[in-house]
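Now for the letters of each chain:
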Amino acid sequence: MSTQPTFSKADVLASVEKLHSRSGAAEFWSWRYIILRRITQLGILLLFFGTAHWGWQVAKDVPLLIGNLSASKFIGLIPLTDPFAALQIFLTGHVLQKESLIGAAVVLGIYFLIGGRMFCAWACPVNMVTDAAGWLRDKMGIQPIFHLPRTLRYFILVATLVITVISGLAAFEWVSPIGMAHREIIFGLGMGFTALLAIFLFDLLILKHGWCGHLCPLGAFYSLVGKTALLRVRFDTNTCTHCGECAKICPEPQVLNLKKLDERGYVFSGECSNCGRCSPICPEGSLKFDFKPLIRSHNTQARVHADAIAVQRRTR
Amino acid sequence: MAEKGLGGLNPSRRDFLVKMAQGAALAGTGGLLWDYILRNEARAAPYALRPPGALAEDDFNAACIKCGQCVVDCPPKILKLEPAGGALPIGTPFYDARTGPCIMCPDIPCMKACPTGALSPELKKIEDARMGLAVIDIENCLSYKGLRCEICHRECPLKGKAITLETHPRQTSRHAMFIPLVHCDACTGCGICEKACPTEIAAIRILPHKLVQGKIGDHYRLGWTFDTEITEDFKQAPQAAPSLTPEPGGKPGGLDYLNEGGL
């Protein structure tokens, strides 16, 4: 590394100023991932709902998307199964049928190879609730009552599996507010919405990002699964002024440890849900979605470019 | 090395052990509570009428992924998923025979939709399904009152096998009775009879087998039914036929156990 980037207060203030003086159009453009995520989250729900209630099909007797997030079948062909649910059912001692095993492999493959922890930010309906709670919490400036370690979710993940073995019931599936919400939107209302309300209030008043960031074992599961996935947020250390706006908006700010990111060149933690909030907010454009194999070459080019600028400055 | 504290204790090791104990206690308490919630939720399983091919209740509870594909694929749309806070185990499919009975589709689409095998593909013919058993409340059944109702018999998809009519001639002053009888070797528990029953609250109802069916046990030997295997036993080994007076100290035969022990 030829030049170590330096950070001055003036640069930081300039970055923040740049962010706050964005035009309305630029401001709106910065919501693009949030809008896309709501479209996918609600769209998935709509596809399920339309197939269940309005008989949506791609051909005669070929339903479009049947089931819910636990297990489903797309265009009568591709089975999709929640791999965490399948794992729990396997641990109860039930021998799963081939269809659900293929489905679990498909979903697992998508997140393991490409998406990372994308499920949480792009598919899970509870994310809309916790995002709303987090947004309102920031607006209201609510202080936390207590702190919990973010590693708690991994212990809950282990507990889920242990209790599944002990009780002979898929421990998380029987209490999951994600399952409740999805099932009850598609198949009829019940008390599941009180679980969503509880999560909303917990996230709003008790612990910031409490459910998704501290407790949910499914999120923990996908954090582990998606650790090595290809889709990543690239970090360009040359343009970053360390203004910290990204970490302020990130629901998992521990993944934006800039010093460590500098070494790797991308957000490497599996806990990053690829929600895309940091990328549009960054005033310098230092955080962008990219695929892992492309990141290294990009960063090398950027470094060469930055070196050239530094040389120019020195010789001037 | 950490220095030794009072009484030769190693403070850092002590802290570590206490932390471990605290963590274990937390996990244990939480785990017990979680386990209790699960078992409590699953407790109502014996009351549910499940789609055809459903595994025995514990296995079904374990295997069902709560995806609702059986619900969507059910042609008469009678299946529902139990919402949270309901009377039946959460998220699992069931039907209510009085409002929506199973119409016994020959191709069993609900079972085919099941991705996990909670609705077992071993069910090849819908007539072999055992979703529940029709039970008649003879105090409120119109047929038992001497009325010519028999609607359940007429509506039964396995008429003559699952429900038969038995005539009870009576004295001239009263009607003869045509009494429906349910046969558990043929009744699938579809519930069409319960739906059709004209009484205000159905007098014929579908209940899960576990709640209604008794078991005779192996120790009763019906000597007058000459085609039973027990009689065969007697034929093969007539010398082993039990005598009415048990030998002192000897083991009594199957027929004689009632004579033992001062009964």
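Residues numbered from 1 in each chain as written. Chains lettered and ligands numbered in written order. Predicted model: local features only at pLDDT ≥ 70, side-chain atom pairs only at ≥ 80, totals over all residues.

1. A few points about the overall build of chain B
Part 1 of the reasoning: When helices and strands are tallied, chain B shows 8 helices and 6 strands.
Part 2 of the reasoning: In chain B, the order of α-helices and β-strands from amino to carboxyl end is α-α-α-β-β-α-β-α-β-β-α-β-α-α.
Part 3 of the reasoning: The buried share among the 263 residues of chain B stands at 32%.
Part 4 of the reasoning: If you take every contact in chain B between residues at least 6 apart in sequence, the share linking residues at least 24 apart comes to 63%. (Helix = DSSP H or I, 4+ residues; strand = E, 2+ residues; numbered from the N terminus. Buried ≥ 20, exposed ≤ 12 C-beta atoms within 10 Å, placed from the backbone. Contact = placed C-beta atoms within 7 Å.)

2. As for the overall build of chain A
Part 1 of the reasoning: A tally of helices and strands in chain A yields 16 helices and 7 strands.
Part 2 of the reasoning: A compact globule built from 316 residues would reach a C-alpha radius of gyration of about 20 Å, and chain A, at 22 Å, matches this within 12%.
Part 3 of the reasoning: With the C-alpha coordinates aligned to their principal axes, the bounding extent of chain A is approximately 70 × 40 × 40 Å.
Part 4 of the reasoning: Taking all 316 residues of chain A together, the buried fraction comes to 42%.
Part 5 of the reasoning: For chain A, the share of sequence-separated contacts (at least 6 apart) that also reach a separation of at least 24 residues comes to 72%. (Rg over C-alpha atoms; globule rule 2.2 N^0.38 Å.)

3. Examining the sheet that holds strand 5 (residues 78–81) of chain A
Residue and element names in this part refer to chain A.
Part 1 of the reasoning: Read across the sheet, 3 strands follow the order 3-4-5 without closing on themselves; strand pairing throughout is antiparallel. Two strands close off the open sheet at either side, each with one partner strand: strand 3 (65–67) and strand 5. Across the sheet, the mean angle from the axis of one strand to that of its neighbour is 20 degrees, orientation sign disregarded.
Part 2 of the reasoning: In terms of strand pairing, strand 4 (residues 71–74) meets strand 5 through 4 bridges, oriented antiparallel. Pairing of S72 across the sheet is with L80, part of strand 5. (Pairing = 2+ DSSP bridges. Axes fitted to C-alpha atoms, helices over the stretch in contact; angles between N-to-C directions.)

4. Side note on the pairing of strand 6 (residues 204–207) of chain B
All names here are of chain B.
Part 1 of the reasoning: Burial along strand 6 is one-sided: I204 and I206 are buried, while R205 and L207, pointing the other way, are not.
Part 2 of the reasoning: Sheet analysis places strand 3 (residues 133–136) next to strand 6, joined by 4 bridges and oriented antiparallel. Paired with I136 across the two strands is I204, which belongs to strand 6.

5. Looking at the confidence of the model for chain B
Part 1 of the reasoning: Looking at chain B, pLDDT values average 84 and 81% of them are 70 or higher.
Part 2 of the reasoning: Per the prediction output, this complex has pTM 0.82; the corresponding ipTM is 0.84. (pLDDT = per-residue confidence, 0-100.)

6. Description of the packing of helix 7 (residues 126–140) of chain A against helix 10 (residues 192–206) of chain A
Residues and elements named next belong to chain A.
Part 1 of the reasoning: Axis separation between helix 7 and helix 10 bottoms out at 8 Å; the angle between their running directions is 30 degrees. The pairing of helix 7 with helix 10 is recorded here as roughly parallel in orientation. Where helix 7 crosses over helix 10, the two elements pack in a sense that is right-handed. Between helix 7, through V126, V129, T130, A132, A133, G134, L136 and R137, and helix 10, the contact on the second element is made entirely by L196, I199, F200, D203 and L204.
Part 2 of the reasoning: For the contact of helix 7 with helix 10, the class distribution of residues is 9 nonpolar, 2 polar and 2 charged. (Parallel < 35°, antiparallel > 145°, perpendicular 65-115°, else oblique. Left-handed = near helix turned anticlockwise from the far one by under 90°. Nonpolar A, V, L, I, M, F, W, Y, C, P; charged D, E, K, R; others polar.)

7. Things to note about the interface of chain A and chain B
Part 1 of the reasoning: Contact residues are listed per partner, giving 45 residues for chain A and 33 residues for chain B.
Part 2 of the reasoning: No other element matches helix 9 (residues 177–187) of chain A, which puts 6 residues into the side of chain A that touches chain B.
Part 3 of the reasoning: A breakdown of the residues in the side of chain A that touches chain B according to their chemical character gives 22 nonpolar, 18 polar and 5 charged.

8. Examining the domain arrangement of chain A
Residues and elements named next belong to chain A.
Part 1 of the reasoning: Taken domain by domain, chain A holds domain 1 (9–30 + 230–315) and domain 2 (34–225).
Part 2 of the reasoning: With centres defined by C-alpha atoms, the gap from domain 1 to domain 2 works out at 29 Å.
Part 3 of the reasoning: Taken together, the 11 residues of domain 1 in the interface contact 16 residues of domain 2.
Part 4 of the reasoning: Of the residues belonging to the side of domain 1 that touches domain 2, the class tally is 5 nonpolar, 4 polar and 2 charged. (Domains from an automatic or database assignment.)

9. Looking at the domain arrangement of chain B
Residue and element names in this part refer to chain B.
Part 1 of the reasoning: Taken as a whole, chain B is organised into domain 1 (37–128) and domain 2 (132–212).
Part 2 of the reasoning: On a C-alpha basis, the centres of domain 1 and domain 2 stand 25 Å from each other.
Part 3 of the reasoning: Between domain 1 and domain 2, the residue contacts involve 9 residues of the former and 15 residues of the latter.
Part 4 of the reasoning: In the side of domain 1 that touches domain 2, the residues fall into 7 nonpolar, no polar and 2 charged.

10. Examining the packing of helix 8 (residues 152–167) of chain A against helix 12 (residues 217–225) of chain A
Two quantities define a packed helix pair, namely the angle between the helix axes and the distance between the axes.
Residues and elements named next belong to chain A.
Part 1 of the reasoning: Two numbers describe how helix 8 lies on helix 12: the axes approach to 8 Å, and their chain directions differ by 100 degrees. As far as their axial angle goes, helix 12 and helix 8 are roughly perpendicular. Of the residues in helix 12, those in contact with R153, Y154, I156, L157 and T160 of helix 8 are P217, G219, A220 and F221.
Part 2 of the reasoning: Of the residues that constitute the contact of helix 8 with helix 12, the class distribution is 6 nonpolar, 2 polar and 1 charged.

11. Observations regarding helix 8 of chain A
Part 1 of the reasoning: Taking 1.5 Å of rise per residue, the 16 residues of helix 8 of chain A would be expected to cover 22 Å, and the 22 Å separating its terminal C-alpha atoms lies within 8% of that figure.
Part 2 of the reasoning: Looking only at helix 8 of chain A, the buried set comprises A:R153, A:I156, A:L157, A:T160, A:I163, A:T164 and A:S167. Buried residues of helix 8 of chain A, viewed axially, fall in a sector of 135 degrees; they line one side.
Part 3 of the reasoning: On the buried face of helix 8 of chain A, the contacting elements are helix 4 (83–91), helix 11 (210–215) and helix 12 of chain A together with helix 1 (11–42) of chain B.
Part 4 of the reasoning: Positive phi appears at A:G168, one or two residues downstream of helix 8 of chain A, with a value of about 75 degrees. (Expected span 1.5 Å × (residues − 1). Arc of directions from axis to C-beta.)

12. Re unusual backbone geometry
For residues other than glycine, phi is negative in most cases, and the peptide bonds are mostly trans.
Residues and elements named next belong to chain A.
Part 1 of the reasoning: We note that I75 has phi near 40 degrees; this positive angle belongs to a residue other than glycine.
Part 2 of the reasoning: Here I75 is to be found in the loop between strand 4 and strand 5.
Part 3 of the reasoning: Judged by the 13 C-beta atoms lying within 10 Å of it, I75 is partly exposed.
Part 4 of the reasoning: The backbone of H209 sits at a positive phi, close to 50 degrees, despite the residue not being glycine.
Part 5 of the reasoning: Assignment of secondary structure puts H209 in the loop between helix 10 and helix 11.

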